[in-house]
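# Observations on the three-dimensional arrangement
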Amino acid sequence: MIRRPRAAITGWPVAHSRSPLVHGHWLKKYGLAGDYIRLPVAPEDAERFYRHFGESGLVGCNVTVPHKETAAAACDELDEAARAMGAVNTLWLDGDGRLCGANTDGIGFLGNLDQRAPGWDARPGPAVVLGAGGAARAVVWALRARGFAPVKIFNRTTEKASQLADHFGFGVEAYPWDKLCEHLGQAALLVNTTAAGMTGKPPLQIDLDGLPKDALVTDIIYTPLETDLLRQAAARGNRTVDGLGMLLHQAAPGFERWFGVRPEVDDELRRIVLADL
Ligand code: ATR
């Protein structure tokens, strides 16, 4: 009997994840027999769950906070991005039952910009990244992979920016938040990865004076879709891209692994997820 492939979003909690909506849309669109479920994994069970992933009955899964590092440690193989970040968001079993892990957050970030701002990386110059958490790690990896240099990290807690810059080394620099305006003048790209500006959180405190008018401004936040930062940037003439596409594009490689079809991030998917926000 051929088993219907089943994948899942794993993490703690997973109740608010939009991943089932995204994968459910693709399963239906491509007429595939398969399932994508929510599977909460309690922190005390995480190590055992990923180490014995073969017993789960899943063909693979997505991994969200707080298990991205635990899952990476359980993998037999990691892709280059996952190795660089020490964290995975996508797992699958290969033909020999070995657990393989990838980190597609950076690919999702790039896919979003490629789709919504074609040519954005034609002249990769200095990039400014705000924030130094897990999302910043993926964004810094992605920008270095596309040749942006230097990538300058600014974070409210400077120490965390320094740790992230040290992690990547060459081409990545850390600065205190209060030095931001001195660096905006050379930026080809400004990325917000902080939680500031998210619905229910205070807006990002930033003065965009001095940012070149041809710099691209993007936020990885998608609730709300248009943050104060993006509104401010658009009002002064900068090109802007919201964060929703990063969520959609990071999901595509996992879907292809598990269900065998390379899915398209289309307008209909964007509408479906937007309606659920
Ligand atoms: P994620 O994994 O999604 O990146 P995180 O690791 O919690 O989430 O990181 C949140 C980031 O948002 C951090 O860089 C945090 O700054 P601190 O390291 O100083 O805490 C940043 N952040 C959160 N609220 C912020 C605010 N109001 N202003 C500026 N930065 C903020």
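Residues numbered from 1 in each chain as written. Predicted model: local features only at pLDDT ≥ 70, side-chain atom pairs only at ≥ 80, totals over all residues.

## Quick look at the site of the ligand
Taken together, 15 residues lie near the ligand, and G133, G134, R156, T157 and T194 sit nearest. A total of 3 residues in the shell around the ligand trace back to one element, the largest contributor, which is helix α6 (residues 134-145). The residue makeup of the shell around the ligand, split by class, is 6 nonpolar, 7 polar and 2 charged. (Near = placed C-beta within 6 Å. Helix = DSSP H or I, 4+ residues; strand = E, 2+ residues; numbered from the N terminus. Nonpolar A, V, L, I, M, F, W, Y, C, P; charged D, E, K, R; others polar.)

## Let's talk about helix α7 (residues 158-168)
Each turn of an α-helix holds 3.6 residues, which means side chains three or four residues apart point in the same direction. Among all positions in α7, only A161, L164 and A165 are buried. The arc that holds the buried residues of α7, viewed along the axis, is 100 degrees, so those residues lie on one side. Residues of α7 that are exposed and point over 90 degrees away from its buried face: E159 and D166. Buried residues along α7 sit in contact with α6, β8 (151-155) and β9 (172-176). Among the residues trailing α7, G169 stands out with phi positive, at a value near 75 degrees. (Buried ≥ 20, exposed ≤ 12 C-beta atoms within 10 Å, placed from the backbone. Arc of directions from axis to C-beta. Contact = placed C-beta atoms within 7 Å.)

## A word on the sheet that holds strand β12 (residues 239-241)
Through backbone hydrogen bonds, the strands of a sheet pair up, either in parallel or in antiparallel fashion. The parallel open sheet is built from 6 strands, whose spatial order is β9-β8-β7-β10-β11-β12. Edge positions in the open sheet fall to β9 and β12, since each of these has one partner strand only. Taking the axes of each pair of neighbouring strands and ignoring which way they run, one obtains an average angle of 20 degrees across the sheet. By the bridge criterion, 4 bridges tie strand β7 (residues 127-130) to strand β10 (residues 189-192) in an arrangement that is parallel. Each bridged residue has a counterpart across the sheet, and for V129 the counterpart in β10 is V191. Across the sheet, α7 touches β8 and β9, and the angle it forms with β9 is around 170 degrees. (Pairing = 2+ DSSP bridges. Axes fitted to C-alpha atoms, helices over the stretch in contact; angles between N-to-C directions.)

## Re the pairing of strand β6 (residues 99-102)
Sheet analysis places strand β4 (residues 77-78) next to β6, joined by 2 bridges and oriented parallel. From the neighbouring strand, L78 faces β6, where its bridge partner is G101. Connecting strand β5 (residues 90-93) to the antiparallel partner β6 that follows it, the hairpin turn spans 5 residues, and G97 within it adopts a positive phi of roughly 80 degrees.

## Some points on the UniProt feature "active site" (unreviewed entry) in the chain
Sites flagged by UniProt as "active site" (unreviewed entry) map to K68. Structurally, the position occupied by K68 is in helix α3 (residues 68-74). Not counting the four nearest positions on each side in its chain, K68 is found in contact with V63, A87, V88, N89 and G134. (UniProt positions renumbered as here; feature names shortened; annotations may be inferred.)

## Remarks on the pairing of β8
Most of β8 sits inside the fold, with 5 of its 5 residues counted as buried. Side-chain alternation along β8 places V151, I153 and N155 on one buried face and K152 and F154 on a second face that is also buried. Judged from the 4 bridges that link them, β7 and β8 form a sheet pairing that is parallel. Opposite V129, over in β8, you have I153 as the bridge partner. Of the crossover connections in this fold, the one passing from β7 over α6 to the parallel β8 is right-handed. For β8 and β9, the ladder comprises 5 bridges, and the chain directions are parallel. Bridge pairing in β9 places K152 opposite E173. (Right-handed = clockwise from strand over helix to strand, strands pointing away.)

## Brief notes about the domain arrangement of the chain
Split by domain assignment, the chain resolves into domain 1 (6-103 + 250-276) and domain 2 (106-242). Domain 1 and domain 2 are separated by 26 Å when their C-alpha centres are compared. Contributing elements (two or more residues each) for the side of domain 1 that touches domain 2: α4 (80-85) and α10 (244-259). Broken down by element, the residue count for the side of domain 1 that touches domain 2 peaks at 3 residues, all from α4. Classifying every residue of the side of domain 1 that touches domain 2 by side-chain character gives 6 nonpolar, 2 polar and 1 charged. (Domains from an automatic or database assignment.)

## Concerning the environment of V261
Along the chain, V261 falls in the loop between α10 and α11 (267-276). Judged by C-beta crowding, with 16 C-beta atoms within 10 Å, V261 ranks as partly exposed. Considered as a pair, V261 and W26 are 235 residues apart in the sequence and their alpha carbons are 9.1 Å apart. In this structure, V261 is in contact with Y30, L32 and E256, ignoring residues within four places of it in sequence.

## A word on the sheet that holds strand β3 (residues 60-63)
If you trace the 6 strands from one edge of the open sheet to the other, you get β2-β1-β3-β5-β6-β4, paired in mixed fashion. The sheet is open, and its two edges are formed by β2 (35-40) and β4, each paired on a single side. The sheet contact formed by strand β1 (residues 6-11) and β3 spans 4 bridges and is parallel. Bridge assignment links T10 to a residue of β3, and that residue is V63. Most of the contacts of helix α1 (residues 19-29) go to β2, to which it runs at about 165 degrees, and overall it touches β1, β2 and β3.

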